[in-house]
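Spelled out, the chains give:
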Amino acid sequence: MQIFKIRKVENFCLLAFFPHAIIRPADRRFPAKIRPVTSRYPEPELINRPNVWLTILICLFSLGLTQSPAETIFSDDFEAGKLKDRWQEVNIRNAEAGGLEARPQYVHSGKASLRLTSLANNGQESGSQVIRWFMPGYGHLYYRWYAMFAEDFDQGDLMHWTGFRGCRIDDRWSGFGRAGIKPDGTDRFFTGLEPWRDWGRYPAPGALNFYSYFPEMKPDRDGVHYWGNQFFPDSAFVVERGRWYCFEVMLKVNTPGQHDGEQAFWVDGRKLLQVNGMRWRDTEMLRLNALVFGVYIHQARRNNTCWYDDLVIATHYIGPKTE
Ligand SMILES: [Ca+2]
């Protein structure tokens, strides 16, 4: 059974971490189009009625009949090529703020990892992030990765880390931005795995929890803002600095109209939290289709670094590396 809390968050703005959520140029949108059948290949009448096919496809997705058996949809061990070859957004301001890491003590396997640093910014927000989409999206996914926080990591109080996002299948940016606003069931959902210091109760980086946006989330005490609602294991898991962990997160979307969505996370192969009964969405137009790796700190007074390696995103449980 999870402990459910509402985080009181002041004076922060995710929009700065996701600048493209503010400026949404037309070329970043990918409207779903139904390609008309050409006269070159005459088709039966049914095929000339794309709404019928669309309805059938949506029904199949609803019934889970199109879910492939077990599929790895993306992986990155950060060994080859450039980050931009595999991540559609690389929001790393300069070399100091992150990139591929080759120093062996900061690599989990092979010869390279990903380093992300939140640069000191006079107590103002600061972050580095990479984003990978998998459009149009999935209904049930896991992502497994290794990560290590620097020995001197100390975010102060508030930060954001990694997260799955649900965007509309016709707008891959719909899941970004709008911090403090409750999703309406058709625009977005989000769940981050994050360390939480609870205002100094836990040593940096803090205790792991889900930080989630969904249509039934609870408001802040001011009754106006909706900051991410937090889900904790029964026993707090406080992340240690300077060592690698294997993390894994599962998210299952709900059937529209039902509370059958889920989320769960594991550390080093041990399941620490399972949350059932989630209503993430009210339409099939909203699916699980983006992953963000990032280090974002609300009041950045110093540099804070985290390393990532051996990421796999799959339709099945992955677990720690065995070789
Ligand atoms: Ca590697």
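Note that the structure is a prediction, hence the values are computed from the model and not measured.

Cut-off values and rules
- Residues numbered from 1 in each chain as written.
- Predicted model: local features only at pLDDT ≥ 70, side-chain atom pairs only at ≥ 80, totals over all residues.
- Helix = DSSP H or I, 4+ residues; strand = E, 2+ residues; numbered from the N terminus.
- Buried ≥ 20, exposed ≤ 12 C-beta atoms within 10 Å, placed from the backbone.
- Contact = placed C-beta atoms within 7 Å.
- Pairing = 2+ DSSP bridges.
- pLDDT = per-residue confidence, 0-100.
- Core = buried A, V, L, I, M, F, W, Y, C linked by C-beta atoms within 7 Å.

1. Brief notes about the overall build of the protein
Then, number 1: Within the protein one finds two helices and 17 strands.
Then, number 2: Going through the 323 residues of the protein one by one, you find that 39% of them count as buried.
Then, number 3: For the protein, long-range pairs separated by at least 24 residues make up 73% of all intrachain contacts whose partners lie at least 6 apart in sequence.

2. Digging into unusual backbone geometry
Then, number 1: Here the amide bond leading from Met 135 into Pro 136 is cis, since omega sits at -5°, within 30 degrees of zero.
Then, number 2: Mapped onto the elements, Pro 136 comes out in strand 6 (residues 124-138).
Then, number 3: With an omega dihedral of 5°, the bond running from Ala 204 to Pro 205 counts as a cis peptide bond.
Then, number 4: Within the secondary structure layout, Pro 205 lies in the loop between strand 9 (188-196) and strand 10 (206-213).

3. Notes on the pairing of strand 7 (residues 140-149)
Then, number 1: Burial analysis of strand 7 places nine of its ten residues in the buried class, the great majority of the element.
Then, number 2: Pairing analysis gives eight bridges linking strand 7 to strand 13 (residues 245-252), with the strands arranged antiparallel. Each residue of the ladder has a partner; that of Arg 144, found in strand 13, is Glu 248.

4. Focus: the confidence of the model for the protein
Then, number 1: Per-chain confidence: the protein averages 85 in pLDDT, with 79% of residues scoring 70 or above.
Then, number 2: Predicted confidence is poor over residues 6-48, with pLDDT under 50, and the contacts of this stretch with residues over four places away or in other chains come to 53 contacts.
Then, number 3: Here residues 62-67 is modelled with pLDDT under 50, and outside its nearest four sequence neighbours on either side it reaches seven contacts, counting other chains as well.

5. Re the nonpolar core
Soluble globular proteins tend to bury their nonpolar side chains together.
Then, number 1: One finds Tyr 143, Ala 147, Val 249, Cys 306 and Tyr 308 to be the most contacted residues of the largest nonpolar core, which totals 64 residues.
Then, number 2: Considering every element that reaches this core, the biggest residue donor is strand 16 (residues 286-300), with ten residues.
Then, number 3: Filtering out sequence-adjacent residues up to four positions away, Cys 306 remains in contact with Leu 116, Ala 147, Met 148, Phe 149, Ala 150, Phe 153 and Val 295.

6. Things to note about the pairing of strand 14 (residues 261-267)
Then, number 1: Both strand 13 and strand 14 contribute to a ladder of six bridges, which runs antiparallel. When the sheet's bridge partners are listed, Phe 247 is paired in strand 14 with Val 267.
Then, number 2: Strand direction decides the pairing type here: strand 14 and strand 15 (residues 270-278), joined by six bridges, are antiparallel. Paired with Val 267 across the two strands is Arg 270, which belongs to strand 15.
Then, number 3: Linkage of strand 14 to strand 15, two consecutive antiparallel strands, is achieved through a turn of two residues, within which Asp 268 is found at a positive phi near 50°.

7. Overview of the environment of Trp 266
Then, number 1: Counting through the fold element by element, Trp 266 comes out in strand 14.
Then, number 2: Each C-alpha atom, one on Trp 266 and one on Val 249, is 6.5 Å from the other, the two residues being 17 residues apart in sequence.
Then, number 3: If we ignore the near neighbours within four places in the chain, the residues touching Trp 266 are Glu 248, Lys 271 and Leu 272.

8. Remarks on the environment of Tyr 213
Then, number 1: Along the polypeptide, Tyr 213 turns up in strand 10.
Then, number 2: As for Tyr 213 and Pro 183, which are separated by 30 residues in sequence, their C-alpha atoms are 6.7 Å apart.
Then, number 3: Among residues more than four places away in sequence, those in contact with Tyr 213 are Pro 183, Arg 188, Phe 189, Phe 190 and Gly 228.

9. Some details on the environment of Pro 233
Then, number 1: Along the polypeptide, Pro 233 turns up in the loop between strand 11 (229-232) and strand 12 (238-239).
Then, number 2: The exposure class of Pro 233 is partly exposed, given the 19 C-beta atoms found within 10 Å.
Then, number 3: Here the alpha-carbon distance between Pro 233 and Asn 209, two residues 24 residues apart in the chain, equals 7.3 Å.

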